[in-house]
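# Structure at a glance
For reference, the chains in residue letters:
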Amino acid sequence: DRAHHLVTYIIIMKNEFAKALLKNYKNKSNSNLTDAYIKKLLTKGTEILNVHQVDKSSFNTIQNEVKNVIKDVTFNLLPYDHKRFKQASNDFNDDPELQISKTMEFTKNPWDDNIIIDKNMNYFNKFLFERVEKYLNDNGIVPDMKPIIKNSWMTKSSKGKSLETHTHCKACISGTYYYKTTKDSGNICFYSPKESPDLFEGKVEISPKDGMIVMFPGILPHSVLENKSSEDRYGISFNIRIFKHDF
């Protein structure tokens, strides 16, 4: 009997150990999907920067939707002592807190808000996911879940404002839709990440226009140049989740 119970116990323990190994393997595989996705994209050079101008049939509808939201929100300086901002910017800036007088303004807390969902921007939401799907297809990325908006917020850049170099950490897809721009209102600039220092030759600079959407891997360092015009520039920024173990 003792021998029988001992053998049974060993078999049970071996089965539990096998299950634990399998569970660990699955979790490790899922958690590495984002890293694999990013590594794949970082071989594509400027192709990972997706720039799209909204067509006339969608432009007015999206602009009106954004216009109605702007009437209902307030903009504030980003809390530069926020731990997550420091994490995203300390690799590039000696003292991010000193930049507070220069920074553009944001709606509430960019990390925890989801203005696209909260303000029922249904048409823009549909448009955004069409663009996300095309971006994934163009880059041969197969997500393991339906893409969702992790967080989204609005930005306002007044005369003299800018945004220092930062990343969106490991957000799979990040981006901005430009609602209102003017000449010299501040280009967005992209730089090679430390994971792929030769990705670009120097920096890549994009001049925003009304109705333009720019998408990129969140790990990509980027900055926004100073608004040298006398008019405010507005946009909607977002992070998209496509894997179960993102963020």
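Residues numbered from 1 in each chain as written. Predicted model: local features only at pLDDT ≥ 70, side-chain atom pairs only at ≥ 80, totals over all residues. Heavy atoms only, no water.

### Comments concerning the overall build of the protein chain
In terms of regular secondary structure, the protein chain is built from 6 helices and 11 strands. Within the protein chain, buried positions represent 47% of all 247 residues. Within the protein chain, residue pairs in contact and separated by at least 24 positions form 85% of the contacts whose partners lie at least 6 positions apart. Total accessible area computed for the protein chain in this model is approximately 13600 Å², and 51% of it derives from carbon and sulfur atoms. (Helix = DSSP H or I, 4+ residues; strand = E, 2+ residues; numbered from the N terminus. Buried < 20%, exposed > 50% of the residue type's maximum accessible area, 1.4 Å probe, protein only. Contact = heavy atoms within 4.5 Å. Areas by Shrake-Rupley, 256 points an atom, 1.4 Å probe, with all protein chains shown as cover.)

### Brief notes about helix 6 (residues 122–138)
For helix 6, with 17 residues, the first-to-last C-alpha span of 24 Å sits near the 24 Å given by 1.5 Å per residue. The set of residues buried in helix 6 consists of F124, N125, F127, L128, R131, V132, Y135 and L136. A positive backbone phi angle near 65° is found at G140, which sits one or two residues after helix 6. (Expected span 1.5 Å × (residues − 1).)

### Describing the pairing of strand 11 (residues 233–241)
Of all 9 residues in strand 11, 8 are buried; the element is thus mostly enclosed. The pairing of strand 4 (residues 148–157) with strand 11 spans 9 bridges and is classified as antiparallel. Bridge pairing in strand 11 links T155 to G235. Sheet analysis places strand 6 (residues 173–180) next to strand 11, joined by 7 bridges and oriented antiparallel. The residue bridging K180 from the neighbouring strand is Y234, located in strand 11. (Pairing = 2+ DSSP bridges.)

### Quick word on the packing of helix 3 (residues 56–70) against helix 6
Relative placement of two packed helices is described by the angle separating their axes and the distance separating the axes. The N-to-C vectors of helix 3 and helix 6 enclose an angle of 130°; their axes lie 8 Å apart at closest approach. In terms of axis orientation, helix 3 runs oblique to helix 6. For the pair helix 3 and helix 6, the sense of crossing is left-handed. Counted together, S57, S58, T61, I62 and E65 of helix 3 and N122, Y123, F124 and F127 of helix 6 form the full contact between these two elements. A breakdown of the residues in the contact of helix 3 with helix 6 according to their chemical character gives 4 nonpolar, 4 polar and 1 charged. (Axes fitted to C-alpha atoms, helices over the stretch in contact; angles between N-to-C directions. Parallel < 35°, antiparallel > 145°, perpendicular 65-115°, else oblique. Left-handed = near helix turned anticlockwise from the far one by under 90°. Nonpolar A, V, L, I, M, F, W, Y, C, P; charged D, E, K, R; others polar.)

### Points about the pattern of salt bridges
Applying the stated criterion across every chain, the model contains 6 salt bridges. Two residues, D232 and K156, come together in a salt bridge whose shortest N-O distance is 3.9 Å. With a gap of 76 residues between them, D232 in the loop between strand 10 (222–224) and strand 11 and K156 in strand 4 connect regions that are remote in the sequence. Given a relative accessible area of 23%, D232 falls into the partly exposed group. Judged by relative accessible area, K156 falls into the buried class, the value being 18%. Where K180 meets E231, a salt bridge forms, and the shortest distance between an N and an O atom there is 3.9 Å. With K180 in strand 6 and E231 in the loop between strand 10 and strand 11, the pair connects residues that are 51 residues apart, well separated along the chain. For K180, a relative accessible area of 31% translates into the label partly exposed. Of the residues examined, E231 reaches a relative accessible area of 38% and is grouped as partly exposed. (Salt bridge = Lys/Arg side-chain N within 4 Å of Asp/Glu carboxyl O.)

### As for the packing of aromatic side chains
Per the stated rule, a full pass over the model turns up 4 aromatic pairs. An aromatic cluster of three or more residues is present, and its members are F124, F127 and Y177. (Phe/Tyr/Trp six-rings, centres within 6.5 Å; stacked < 30°, edge-to-face > 60°.)

### Here we look at helix 3
Across its 15 residues, helix 3 extends 21 Å between first and last C-alpha, which sits within 8% of the 21 Å expected from 1.5 Å per residue. Residues of helix 3 that are buried include every one of S58, I62, Q63, E65, V66, V69 and I70, and no others. Taken end-on, helix 3 shows its buried residues confined to a sector of 165°, consistent with a single buried face. In this structure, helix 3 carries K56 and S57 as exposed residues pointing more than 90 degrees from its buried face. (Arc of directions from axis to C-beta.)

### Quick look at the confidence of the model for the protein chain
Per-residue confidence for the protein chain averages 78 on the pLDDT scale, and 74% of its residues sit at or above 70. Within the model, pLDDT remains below 50 along residues 2–31, and this stretch shows 4 contacts once partners closer than five positions in the same chain are excluded. Here residues 93–98 is a poorly scored stretch, pLDDT under 50, and it has 9 contacts once near neighbours within four places are set aside; other chains count. (pLDDT = per-residue confidence, 0-100.)

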